[in-house]
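Reading the structure
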Amino acid sequence: MVKIESINTDEALRYMGYKENIDIDNIKDIIYDCENRLLSAAEPRYCYKIADIERSEKISVKNTDLVLEGKSIYGHLSECRGVILLAATLSDKADRLISLMNVTDVTSALITDAMASAMTEQLCDIAEEEIRRENGIKYTTFRFSPGYGDLPIDIQRDFIKVLSAEKKIGLTVNDSNILIPRKSVTAVIGISDKPLPKQKRGCAVCSMKDSCQYRKRGVHCGL
Amino acid sequence: MDFKKLLKKDYIILDGAMGTMLQKAGLKLGGIPELLSITDPEKIIGIHKSYIEAGSDIIYANTFGANSYKLKDCKYSVSEVIQASVKCARKACEGTDTLTALDIGPIGQLLEPTGTLAFEDAYDIFKEQITAGHDADIIVLETMTDLYEVKAGLLAAKENSDKPVIVTMTFEENMRTFTGCCIPSMALTLEGLGADAIGVNCSLGPKELIPIIEELSRWTELPIVVKPNAGLPDPVTNEYNVSADEFAGYIAEMNRYGIRLVGGCCGTDPDYIKATVKALSNLKPVSIHKNIPSAICSPTMAVVIDRPRIIGERINPTGKKLFKEALKNKNIEYILGQAVEQIQGGAEILDINVGLPDIDEREMMVRVVKAVQGIAETPLQIDSTDPEVLEAALRVYNGKPLVNSVNGEEESLERILPLIKKYGAAVLGLTLDKNGIPKKADERFEIARKIMNKALEYGIAKKNIFIDCLTLTASAEQEAVIETLNALERVKKELGLKTVLGVSNISFGLPNRGLINSTFLTMALTKGLDLPIINPNMEAMTGAVRAYRLLAGHDRNSSEFIECYGSQLQEKAEKKDADYSLEYAIEKGLREKAREITSALLERHDPMHIINTMIIPALDKAGEDFEAGRIFLPQLILSAGVAQEAFEVLKEKIASSNDSSVEKGKIVLATVKGDVHDIGKNIVRVLLENYGYNVIDLGKDVEHAEVLRAVRENDCHLVGLSALMTTTLGSMAETIRLLREHGCDCKIMAGGAVLTPEYAKKIGADYYSKDAKQSVDIAKEVLG
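**Some points on the overall build of chain B**
A count of helices and strands for chain B gives 31 helices and 23 strands. Taking the principal axes of the C-alpha coordinates as reference, chain B spans close to 90 × 75 × 50 Å. Considering chain B as a whole, with its 784 residues, one finds that 55% of them fall into the buried category.

**As for the overall build of chain A**
Broken down by element type, chain A carries eight helices and eight strands. Sorting the 223 residues of chain A into buried and exposed places 49% on the buried side. Considering only contacts in chain A between residues 6 or more positions apart, those separated by 24 or more positions represent 76%.

**Some words on the sheet that holds strand β21 (residues 718-722) of chain B**
All names here are of chain B. What the five strands build is an open sheet, ordered β20-β19-β21-β22-β23; its pairing is parallel. Whereas interior strands pair on both sides, the edge strands pair on one side only; in this sheet they are β20 (694-697) and β23 (767-768). By the bridge criterion, five bridges tie strand β19 (residues 666-671) to β21 in an arrangement that is parallel. For Leu669, the partnering residue across the bridge sits in β21 and is Gly720. Its contacts with the sheet put helix α27 (residues 679-690) on β19, β20, β21 and β22 (747-751), and the angle it makes with β19 is roughly 165°.

**Some details on the confidence of the model for chain B**
Where the model shows low pLDDT, its predicted coordinates should not be examined in detail. All names here are of chain B. Of the residues in chain B, 97% have a pLDDT of 70 or more, and the chain-wide mean is 92. Below pLDDT 50 for its whole length, residues 571-577 participates in zero contacts with residues either more than four positions away or in separate chains. Two summary scores accompany this predicted model of the complex, namely pTM at 0.90 and ipTM at 0.88.

**Digging into the environment of Tyr46 of chain A**
Mapping Tyr46 of chain A onto the fold places it in strand β1 (residues 45-55). When sequence neighbours within four positions are dropped, the list of residues in contact with Tyr46 of chain A reads Val2, Leu86, Ala87, Ala88, Leu123, Ala127 and Ile169 of chain A.

**Some remarks on the nonpolar core**
In terms of nonpolar packing, the biggest core is built from 330 residues, with Leu86 of chain A together with Ala101, Val372, Val427 and Val668 of chain B touching the most fellow members. A per-element tally of this core places helix α5 (residues 106-134) of chain A first, with 13 residues.

**Comments concerning unusual backbone geometry**
Trans peptide bonds make up most of the peptide bonds, and negative phi angles are found at most residues other than glycine. Cis peptide bonds are those with omega within 30 degrees of zero, and the linkage from Glu112 of chain B to Pro113 of chain B qualifies with 0°. Examined against the element boundaries, Pro113 of chain B turns out to sit in the loop between β3 (99-104) and α6 (119-132). Ser405 of chain B follows Asn404 of chain B through a cis peptide bond whose omega is 15°. Checked against the element boundaries, Ser405 of chain B lands in strand β14 (residues 402-407). Positive phi, close to 80°, is recorded for Ser91 of chain A, a residue that is not glycine. Note on placement: Ser91 of chain A falls in the loop between β4 (82-89) and α4 (92-104).

**A look at the interface of chain B and chain A**
At the interface, 53 residues of chain B touch 50 residues of chain A. For the side of chain B that touches chain A, the secondary-structure elements that each account for two or more residues are α13 (332-345), α14 (361-375), α26 (633-657) and α27 of chain B. The biggest single contributor to the side of chain B that touches chain A is α26 of chain B, with six residues. Split by residue class, the side of chain B that touches chain A holds 25 nonpolar, 22 polar and six charged.

**Let's talk about the pairing of β14 of chain B**
On a regular strand, one side chain projects to one face of the sheet and the next to the other, so that they alternate. Residues and elements named next belong to chain B. Within β14, six of the six residues are buried, leaving the element largely enclosed by the surrounding structure. With three bridges joining them, strand β13 (residues 380-383) and β14 adopt parallel strand pairing. Note that in β14 the partner of Gln381 across the bridge is Leu402. Note that the unit made of β13, helix α15 (residues 387-396) and β14 has a crossover that is right-handed. By the bridge criterion, five bridges tie β14 to strand β15 (residues 426-430) in an arrangement that is parallel. Residue pairing across strands places Asn404 opposite Leu428, the latter belonging to β15. With helix α16 (residues 410-423) bridging β14 and its parallel neighbour β15, the resulting β-α-β unit is right-handed.

**Details of the domain arrangement of chain B**
Where the parts come together, the accessible area they lose is often given as the size of the interface. The domains assigned to chain B are domain 1 (3-281), domain 2 (295-299 + 307-557), domain 3 (569-662) and domain 4 (663-784). One C-alpha centre belongs to domain 2 of chain B, the other to domain 3 of chain B, and the line joining them spans 37 Å.

**Some points on the sheet that holds strand β18 (residues 531-534) of chain B**
All names here are of chain B. Read once around its circumference, the closed barrel built from eight strands follows the order β11-β12-β13-β14-β15-β16-β17-β18, with strand pairing classed as parallel. For this sheet, the mean angle separating the axes of adjacent strands, direction not counted, is 30°. The strands touched by helix α17 (residues 441-457) within the sheet are β14, β15 and β16 (465-468), with β16 carrying the most contacts at an inclination of about 160°.

**With respect to the packing of helix α7 (residues 147-160) of chain B against helix α8 (residues 183-192) of chain B**
In a packed pair of helices, the relevant descriptors are the angle between the two axes and the axis-to-axis distance. All names here are of chain B. Look at α7 against α8: their axes get within 11 Å of each other, and the N-to-C directions meet at 15°. In terms of orientation, α7 and α8 fall into the roughly parallel class. Crossing of α7 against α8: the hand is right-handed. Counting all contacts with α7, which are made through Leu147, Val150, Lys151 and Leu154, the residues of α8 involved are Ser185, Met186, Thr189 and Leu190.

**A look at the pairing of β16 of chain B**
Residues and elements named next belong to chain B. Alternating positions in β16 separate into two faces, Ile465 and Ile467 on one and Phe466 and Asp468 on the other, with burial throughout. Strand direction decides the pairing type here: β15 and β16, joined by four bridges, are parallel. Pairing of Gly429 across the sheet is with Ile467, part of β16. Between the parallel elements β15 and β16, the chain passes through α17 in a crossover that is right-handed. As paired strands, β16 and strand β17 (residues 498-502) are joined by three bridges and run parallel to one another. Residue pairing across strands places Asp468 opposite Val500, the latter belonging to β17.

How each quantity is defined
Residues numbered from 1 in each chain as written. Chains lettered and ligands numbered in written order. Predicted model: local features only at pLDDT ≥ 70, side-chain atom pairs only at ≥ 80, totals over all residues. Helix = DSSP H or I, 4+ residues; strand = E, 2+ residues; numbered from the N terminus. Buried ≥ 20, exposed ≤ 12 C-beta atoms within 10 Å, placed from the backbone. Contact = placed C-beta atoms within 7 Å. Pairing = 2+ DSSP bridges. Axes fitted to C-alpha atoms, helices over the stretch in contact; angles between N-to-C directions. pLDDT = per-residue confidence, 0-100. Core = buried A, V, L, I, M, F, W, Y, C linked by C-beta atoms within 7 Å. Nonpolar A, V, L, I, M, F, W, Y, C, P; charged D, E, K, R; others polar. Right-handed = clockwise from strand over helix to strand, strands pointing away. Domains from an automatic or database assignment. Parallel < 35°, antiparallel > 145°, perpendicular 65-115°, else oblique. Left-handed = near helix turned anticlockwise from the far one by under 90°.

The structure is reproduced here in structure tokens:
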């Protein structure tokens, strides 16, 4: 289990559409309470695998039967020799806490849901940092998840299988390719031997750009 | 050779890893190892043989992941793969005494409530495997982390074969599985359901498993199984860090906890098994004297009846108008609210009774049991007079429940006790029979004895038999009070059974009922009452139990009592502040205040006046502020939540005056099949309820047909559908198609993160709702 001391609340507020001029005095206590309850409920865990890749028309991950299809991942890994496959989850305790709050107090459920998303990102940051350090990896791309760009979301199942993520961290995927527990992430991180050029991130390359909630509200998801 | 004979041996040696051996032989990660039984049977047989040579008494066939979910896109059927694998194992066993086990691992999908796989579907998946594996000698369920999934598997095994079943689960260092299942709950539940041996496998090395085995040994009389990994894997090389000899050394260390079945999991090979056989060869199994307590459990919480424990009585429609309405409207949220309130009040077990003449009690019971277990850890007491309802609930209950109830009539005993035995529950026996409730303590005692003897005949252990000597009303039968208490005392002392008593009945028809109730409760506790059934929201009642536990020495160092009451004075002082208006309370999110103010307002105004001149304008203001960007979503919902609080107060008033003028119309809401994201939908619900709409919330992951049914049953003219993932938009389209196909006279609004107005139109929705505020505007337009 990974120890996370506090949650990036600013990030969570942003997910909920917060803008600077808003006075949040009347929900400060609730936010604080949600943070504490989530921190004590969640069991953040991750697992990963480092593998070389082979480039033909598609990208195959060596020694596995995982194939990464699509232009966007191809571009994303164009300077890379290998990948870190990462899976991370806050465990079903986070889901259950949010379900419970949905019964008692929807405001807390909403806030905790956003907090959990922020915490999942923090977990991934910590995981990435640890993996880089433990394996002496210097240059990496940002995290690219199934469903980003044109990387198909239906590789989730194979992804989970290759990582044995069910056994290692209790992460599964349902028939709609939704990760369960819900507050979980899978991602491909490219590994390179040389510094990588600044990568294009943001709305222009995102497959969600036409339907994104953040964009509708005039904010940004942060990627 | 069979399993029973094998058990006469000191130790039963299992095999080591299959996957590790296959990977050593070059199997790629992500492939389906079970297919090798068809494509390369010699390799599989070879691995089995190497374990048999190493000394395995039972080998696990190569069937771990051979289920319909994991083989979905594969060209072989489940039964082809399983039969081929079992054949390989049998072939390897030829000419030896070694037995073949059908090996069943987790399905690969998480069950409800966290996941979307229904319990009944999980059962079917296991059933298919068990039927296909009929040539094996034994069934093994292993590497399980979800007690609910294990229950589905174990029931499927017991109902579709007569083979012995070995169950092992996978624990982390915090002594729990990934889904939070604790060791006592595992032992109580699986022993009850008829497992033949239980234990742990995988996840940790043998050293780390020692404390887990130690804990398990305190909770089960069954043979204990241990199959550890070869230590912990290196994340990069995947090499395990415990050698065969070290491994065997740790196994020998575990011998003191009474282990009987031993093998290896990930990272082990035949050398580990050889070393283990050698290490055990000069040891003898240790039999431990055990005193396993009387207890019931959910997966995450075992409640041991070693002191008075509170059973909450509030989930019961008797005499409760709002509750009856909630049942008729299938308003599960209301019932869940009652569950949470009681737990916060101090309930340690919740009674669940949903019996009402005009509803399908069986269906409702199953739903409520699943829903309550989805949010609460507290174990349940299943309460119904209908054996079919009891059985349905016993099937889907996750853990070991208490069943309320049987009585001294033959028919009741013969019908219900076999169910108790089959599903491994505890049972509550009422001391009445066809002649009614006997007046005298001695007669009630005799009925208790009869119930006990009958239950023992059915193989139900004494610690799972509880007796309720029945409370009569003091105002009507004053002398009966002492008879009840005397009967209770005799049952406890002479039969040695745990006792239960519904307390609140005592004061019926008297003034100051609370005083009578708490006094009677205290009297009963001193006579040996273990499980008072009370309203835990009544401070005097829970308080009496807590005080008793302190005074009787159960609450060591008064720690529970001080935790409950130590900070009370301070809180009371804080609550004293200035008077606010209801509008101000709604704007600032002052929940408690809103209740108080509303109650006070009701003395001077009628409910409609409060709604129209105070609540609605305050909500409209919040809506405007939200649209103008002065507040953001959680603040809007906070205000709506406070308004809802005020509504609750009004509803109680309205329910008692039979006025239904606040309700503006029914709206069915659902997050569509396959999708588990329900925050958005819940927000919409809160806001709609605020504006007086009667929302029928079907929850998340809702079957298409369920939406149709709800719309028809309720004659509903507006439906709100939510989907948050691109992968579930198709499911939304399908739901709409179904509603249209059946000619439902309803408007459909659709919303959710990935939806666009164009797509909503394309799939046939009448409205696209961009946020919760807009859904209210739509409702106003459609329903007025």
